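Residue-level listing of the chains:
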Amino acid sequence: MTAVHFKFAPAALECRDALSAIVQIGDTLWVANDESIHLERLSYQGSDADGNPLYAAHTRFALHDYLSLPVAADAEDNEVDVEGLAYQDGYLWVVGSHSLKRKKPQSDKSTEKGIERLVRIVPDPNRYLIARIPLNVVDGIPTLQTPGVQLPLHANGNALMEALRDDPHIKHFLKIPGKDNGFDVEGLAVIGKRLFLGLRGPVLRGWAVLLEIECVEDDNDPTVLTLARIGEEDRPYRKHFLQLDGLGIRDLCVQGEDLLILAGPTMSLDGPVRVYRWQGGAKPDAESLIPRAVLEVVAEIPHGHGNDHAEGLCLFTQGNDETALLVVYDNAAAGRKRGESGVLGDVFVLPSISSPPE
């Protein structure tokens, strides 16, 4: 295992503490902080003093400049909770968690106030984001352009959430906060017009859930996405169930025709965390039930105690043809931080693809 050094601008040093998604585009890495309303671009700057690839020259992009979000940019406690990034055919795709929030007790308040906060469950309309933003090369660097294209948002969700309200597997979890095994999108992979949304929760009797949707542009408005009817009973989604040792999906990426799945606890626990390979998973031809024996563990990811929670992964190359995985962490441990605004992500070399299990 090696590392990549991310160096953020001092004014945005909070980014390093809550990285939730990542994708590589050329010599740039794009990351998101799940507590903000921005995307962050860092560019390759050679190596740091320890020989790690250094990504700096940090540029911040406000999502409100490219997309229509229902909560104003200057509103209090405003976030999109970006949990997935993916690049496909000149577009950067972005997905929010779609989850409800349960308030946390505060250490400086009374026991009574803390218990009261645990009752409060609140939605955040910005979290229901599914969108793509065009990218052009400006001065040699991939740069976001306007306008973005998105699934329309409203106070209670979007078209996908409306469809899921009648789903026999998922409907009962839509009113449960994400970190309580409720509905929570935390992974994104894009193949053509198809999007794969990995759910941290719910996990059903040890089976994780992966949603497959197809986004197409509205005929009357090029800034609007609609959902194609691709599922059983004319639903605008298909479901795939994967036996991931009882873990939920934390992120996704595509390698050829395979789907790589970062998996971790659905509840607020430290571990275990693993990357699984679903061979052929990028091109399923129907809804799937994938048992554990079909899935290969390609990496065991370290985790801390109360920190270093792996949240994002992407395929990563730097200076050679070898493809590896780059993993970034939420609640980065002190030993991972560098200087005033730097942090390390971990690089794992992928094993050779083996033959599919019988």
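This one's a predicted model, so the numbers in the text were calculated from it and none came from an experiment.

The rules behind each value
- Residues numbered from 1 in each chain as written.
- Predicted model: local features only at pLDDT ≥ 70, side-chain atom pairs only at ≥ 80, totals over all residues.
- Heavy atoms only, no water.
- Helix = DSSP H or I, 4+ residues; strand = E, 2+ residues; numbered from the N terminus.
- Buried < 20%, exposed > 50% of the residue type's maximum accessible area, 1.4 Å probe, protein only.
- Contact = heavy atoms within 4.5 Å.
- Polar contact = N/O pair within 3.5 Å; in protein donor to acceptor, adjacent residues only side chain to side chain.
- Pairing = 2+ DSSP bridges.
- Salt bridge = Lys/Arg side-chain N within 4 Å of Asp/Glu carboxyl O.
- pLDDT = per-residue confidence, 0-100.
- Phe/Tyr/Trp six-rings, centres within 6.5 Å; stacked < 30°, edge-to-face > 60°.
- Lys NZ or Arg CZ within 6 Å of the ring centre and 35° of its normal.

### Things to note about the side chain of Thr-266
- Examined against the element boundaries, Thr-266 turns out to sit in the loop between strand S19 (258–264) and strand S20 (274–278).
- Among the residues examined, Thr-266 registers a relative accessible area of 9% and is labelled buried.
- Beyond its immediate chain neighbours, meaning those up to four positions away, Thr-266 contacts Gly-178, Lys-179, Asn-181, Arg-200, Gly-201, Val-203 and Gly-248.

### Observations concerning the environment of Glu-300
- Its place among the elements puts Glu-300 in strand S22 (residues 296–300).
- A C-alpha to C-alpha distance of 4.6 Å links Glu-300 and Arg-274, two positions 26 residues apart in sequence.
- Within the structure, Glu-300 has its side chain in polar contact with the side chain of Arg-274 (distance 3.0 Å).

### Here's the deal with the pairing of strand S7 (residues 91–96)
- The buried fraction of S7 is high, at five of six residues.
- As paired elements, strand S6 (residues 82–88) and S7 share six bridges and run antiparallel to each other. Bridge pairing in S7 links Leu-85 to Val-94.
- Hairpin remark: S6 followed by S7, antiparallel, with two residues in the connecting loop; positive phi at Asp-89, about 50 degrees.

### Observations concerning the pattern of salt bridges
- For the structure shown, the criterion picks out 23 salt bridges.
- Arg-235 is paired through a salt bridge with Glu-233; the nearest N and O atoms lie 3.5 Å apart.
- Of the residues examined, Arg-235 reaches a relative accessible area of 18% and is grouped as buried.
- Across the pair Lys-283 and Glu-257 runs a salt bridge whose closest N-O atoms are separated by 3.7 Å.

### Side note on the confidence of the model for the protein
- Confidence in the prediction for the protein averages 92 pLDDT; 97% of positions are at 70 or higher.
- Across the protein, the element-wise mean pLDDT spans from 84 in strand S9 (residues 121–122) up to 98 in strand S17 (residues 238–243).

### A few points about the packing of aromatic side chains
- According to the stated counting rule, one finds four aromatic pairs in the structure shown.
- Centre to centre, the rings of Tyr-55 and Phe-316 are 6.3 Å apart; their planes meet at 65 degrees, and the pair counts as edge-to-face. With Tyr-55 in strand S5 (residues 53–62) and Phe-316 in strand S23 (residues 309–316), this pair connects stretches of sequence that are 261 residues apart.
- Given a relative accessible area of 0%, Tyr-55 falls into the buried group.
- The side chain of Arg-132 reaches across the aromatic face of Tyr-91, ending 4.2 Å from its centre.
- Taking NZ or CZ as reference, Arg-336 lies 3.9 Å from the ring centre of Tyr-329, over its face.

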